[in-house]
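One-letter residues, chain by chain:
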Number of protein chains: 2
Amino acid sequence: MAVYTEVSDADLAAFLDSYDLGCVRSLKGIAEGVENSNYLLHTEKGSFILTLYEKRVEEENLPFFLGLMDHLCARGINCPRPVRARSGAALGKLSGRPAAIVTFLEGICHNRPTVSDCSRLGGALARLHQAAADFKGSRDNSLSLAAWPRLFAPVACCADDVEPGLAAAVAAELGFLEANWPRNLPRGIIHADLFPDNVLFLGEEAPGLIDFYFACADDLAYDLAICLNAWCFEADGAFNVRKAAALFEAYQRVRPLTPLEIAAIPVLSRGAALRFALTRLIDWLHVPAGALVHPKNPIEYMQKLRFHQKITDVRELGLAQ
Amino acid sequence: MAVYTEVSDADLAAFLDSYDLGCVRSLKGIAEGVENSNYLLHTEKGSFILTLYEKRVEEENLPFFLGLMDHLCARGINCPRPVRARSGAALGKLSGRPAAIVTFLEGICHNRPTVSDCSRLGGALARLHQAAADFKGSRDNSLSLAAWPRLFAPVACCADDVEPGLAAAVAAELGFLEANWPRNLPRGIIHADLFPDNVLFLGEEAPGLIDFYFACADDLAYDLAICLNAWCFEADGAFNVRKAAALFEAYQRVRPLTPLEIAAIPVLSRGAALRFALTRLIDWLHVPAGALVHPKNPIEYMQKLRFHQKITDVRELGLAQ
């Protein structure tokens, strides 16, 4: 949610010279995407998103992200399509930053998703997993189980300033997850950040999926666990089992889960809750100077974690065994 | 440059029910306007800007701003036109805030304006002054000479932390301006904030003028002095007399300045420089928690002030006497 790099009209004109997009009609920095600078660009050829990749995104991963979007579009997934310069390159340089243009997706986020939204999400997520199955690129999940202790170590000392007892709770959960993380689940490319603000609804169309900059190879069911946390709790923190059931049911209509995956959902959900609690904790404690991201409260995800810690049967999560 | 108030899809749908704009196609928070939350709204009827007015804008002034834009559009000025709800109201309520929809202006800001841009600005500013002449509304300038000592008092103690000697320099200039401010100049409605980011260029059309939320009744030539400061200095701080001459010349082709106004430009320019130095100093020292505005360095405007303090003849500013 930021514009970190300002683009001058002269730099923009020079950059667009290498594209077949016609003249610029407008450029507005948009408050979207935590990691990069995003602009809504109108040209004679239509609406586009111009992204300047900031330091937190590793440049060597950009071909993976852009290639994945290309691949998914070709498979009929409703997601942004990278626009190529006349040279054929999807990635260029603007104002000293790597930069790319993708097609603009219409649709609006449903910040308070309904049961029906969760159902549409489930179908879209399963189709995404299937469409990515034959994508040749790969990328390790840099925010997986193995990374969490390293993420936590530098903030462990301050965690109790956010909530008394938080450091011990995280340390205990890290131990539990390390001992109980499922092995040998079906893997593939996952979105890894499919929160409501990354899903655009428009009429009855398949929802548009955006912001692929956490996509990576991981357990497919872990993507569902991320969505369960992000979509199936109410604003007051209550879990909505109808939303969860709708998510799982719609997902499985496209890609049925294996018995191992179903059994793993509670632990994966604990892991997903901890992963977002951890990165939010870090952002909360390190608001970058001038960068102007609204930090999100990490405690929301600790509360979700506590909910998952009490689950004894997947039916409590809306899953039929 | 911020989105302070988040708009839920449900609140937006309810708000738009009272307009004839068709279905929402997308809504993006844009990084534009320091005082308010701005969204770029696409509906079936086209592109619009949705503004939620935040606390720093006084609600009783909103009919003046919206009425002024309406009036200027009717007089052929290229500026946003308030869109009325079916009730006829230009102002509504959204997410607990006063809110309005205006038409979207295409065009891009020229952050490094050329001589030609300054000329086009001068003509547009003069036409704005003429078009506003028969506008019935009025509003005092809450950031005029009388307000500056009150603005400065609470930050005087910290000013030297920003630059040693700053407090004394501002106090001395306030004394000079109080003693030398011109009286009896032609008055009218001024934009009062016509910086390059509020002027949208598109081909050869008259530049689009946006962000009327500082507009007020004041000396017309003071608006020119604001533009002189904002448009006619290079990034390295050097004054560009060709840009100034182009600005004044194009303005006077539409509305010739009186001899009194010409003689007043140096003092008005000192006042304009101090006014922006003061509000930037305040923003610099009081970055609002969570509000996420990039504060601009006040020293840039103190340097412009120092330049103006040395002027002994209006010809140095590109004005023919």
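Up top you'll find the structure we're talking about.
These remarks concern the structure in this document. (Residues numbered from 1 in each chain as written. Chains lettered and ligands numbered in written order. Predicted model: local features only at pLDDT ≥ 70, side-chain atom pairs only at ≥ 80, totals over all residues. Heavy atoms only, no water.)

**With respect to helix α2 (residues 62–74) of chain B**
The periodicity of an α-helix, 3.6 residues per turn, causes residues three or four places apart in sequence to face the same way. Residues and elements named next belong to chain B. What counts here: Helix and strand definitions here come from DSSP, where helices need a minimum of 4 consecutive H or I residues and strands a minimum of 2 consecutive E residues; each element is numbered from the N-terminal end. Helix span, as expected, comes to 1.5 Å for every residue beyond the first. Throughout, exposure labels follow a simple rule: accessible area from a 1.4 Å probe, protein chains only, divided by the maximum for the residue type, with under 20% read as buried, over 50% as exposed, and the rest as partly exposed. In this description, contact between two residues means that some pair of their heavy atoms is separated by no more than 4.5 Å.
Compared with an ideal rise of 1.5 Å per residue, which puts 13 residues at 18 Å, α2 spans 18 Å between its outermost C-alpha atoms and is within 8% of the ideal. All buried positions along α2 are accounted for by Leu 62, Phe 64, Phe 65, Leu 66, Leu 68, Met 69, His 71, Leu 72 and Cys 73. On its buried face, α2 sits against β4 (82–83), β6 (97–103), α3 (115–132), β7 (187–190) and β10 (216–219).

**Considerations on the environment of B:Val314**
All names here are of chain B. In this structure, Val 314 sits in the segment after α10 (299–309). Given the relative accessible area of 5%, Val 314 is considered buried. Spatially, the C-alpha atom of Val 314 lies 9.0 Å from that of Ala 264, the residues being 50 residues apart in sequence.

**A closer look at the side chain of B:Glu261**
Along the chain, B:Glu261 turns up in helix α9 (residues 259–285). With sequence-adjacent residues up to four places away left out, B:Glu261 is seen in contact with B:Leu185, B:Pro186, B:Leu220, B:Ala221, B:Arg255 and B:Pro256.

**Notes on the relation of the copies chain A and chain B**
Which entries qualify depends on this criterion: To superpose the copies, least squares is applied to the C-alpha atoms of every residue with a pLDDT of at least 70 in both.
If you rotate chain A by 180° and push it 0.0 Å along the axis, it lands on chain B with an RMSD of 0.0 Å. Look at the turn and shift together and you get a two-fold axis relating the two. Nearest to the rotation axis, the C-alpha of A:Ile30 is located 2.1 Å from it, this being the minimum over chain A. Most of the interface of chain A is mirrored in chain B, where 100% of its interface residues again form contacts.

**Digging into the packing of helix α6 (residues 220–231) of chain A against helix α7 (residues 241–254) of chain A**
Residue and element names in this part refer to chain A. What counts here: Orientation is described by axes fitted as lines to C-alpha atoms, over the contacting stretch for helices, and by angles from 0 to 180 degrees between their N-to-C directions. For classification purposes, angles smaller than 35 degrees are called roughly parallel, those larger than 145 roughly antiparallel, those between 65 and 115 roughly perpendicular, and all remaining angles oblique. Handedness of a crossing follows from how the near helix is turned relative to the far one, being left-handed for an anticlockwise turn of less than a right angle and right-handed for a clockwise one.
Relative to each other, α6 and α7 sit at 150°, their axes nearing to 10 Å. With respect to α7, the element α6 is oriented roughly antiparallel. Note on packing geometry: the crossing formed by α6 with α7 is right-handed. Contacts between α6 and α7 involve Leu 220, Leu 224, Cys 227, Leu 228 and Trp 231 from the former and Lys 243, Ala 244, Leu 247, Phe 248 and Tyr 251 from the latter.

**Describing the interface of chain A and chain B**
Stated formally: What counts as buried area is the accessible surface, traced by a 1.4 Å probe, that two parts surrender upon association, with contributions from both included. A side-chain nitrogen of Lys or Arg and a carboxyl oxygen of Asp or Glu constitute a salt bridge if their distance falls within 4 Å. Polar contacts, as counted here, are pairs of nitrogen or oxygen atoms within 3.5 Å of one another; within protein the pair requires one atom able to donate a hydrogen and one able to accept it, and residues that are adjacent in sequence qualify only if both atoms are side-chain atoms.
On the chain B side, the residues contacting the 32 residues of chain A number 32 residues. Each partner contributes to the roughly 2,800 Å² buried at the junction of chain A and chain B, and carbon and sulfur atoms together form 56% of this total. Note that A:Arg25 and B:Glu106 form a salt bridge whose closest N and O atoms lie 2.4 Å from each other. Between the two partners, chain A and chain B, sit eight residue pairs in polar contact (both at pLDDT 80 or more). Elements with a minimum of two residues in the side of chain A that touches chain B: β1 (24–29) and β2 (37–43) of chain A. Of the residues forming the side of chain A that touches chain B, the biggest block, six residues, is contributed by β1(A).

**What about the pairing of β6(B)?**
Residues and elements named next belong to chain B. Operational definition: Here the rule is simple: two strands pair whenever DSSP picks up at least two bridges between them.
In terms of burial, β6 is largely enclosed, as seven of its seven residues are buried. Going residue by residue along β6, you find Arg 97, Ala 99, Ile 101 and Thr 103 tucked away on one face and Pro 98, Ala 100 and Val 102 tucked away on the opposite face as well. Strand direction decides the pairing type here: strand β3 (residues 46–52) and β6, joined by five bridges, are antiparallel. Bridge pairing in β6 links Ile 49 to Val 102. Looking at chain direction, β4 and β6 are connected through two bridges and run antiparallel. Pairing of Pro 82 across the sheet is with Val 102, part of β6. Pairing analysis gives three bridges linking strand β5 (residues 92–94) to β6, with the strands arranged antiparallel. Bridge assignment links Leu 94 to a residue of β6, and that residue is Arg 97.

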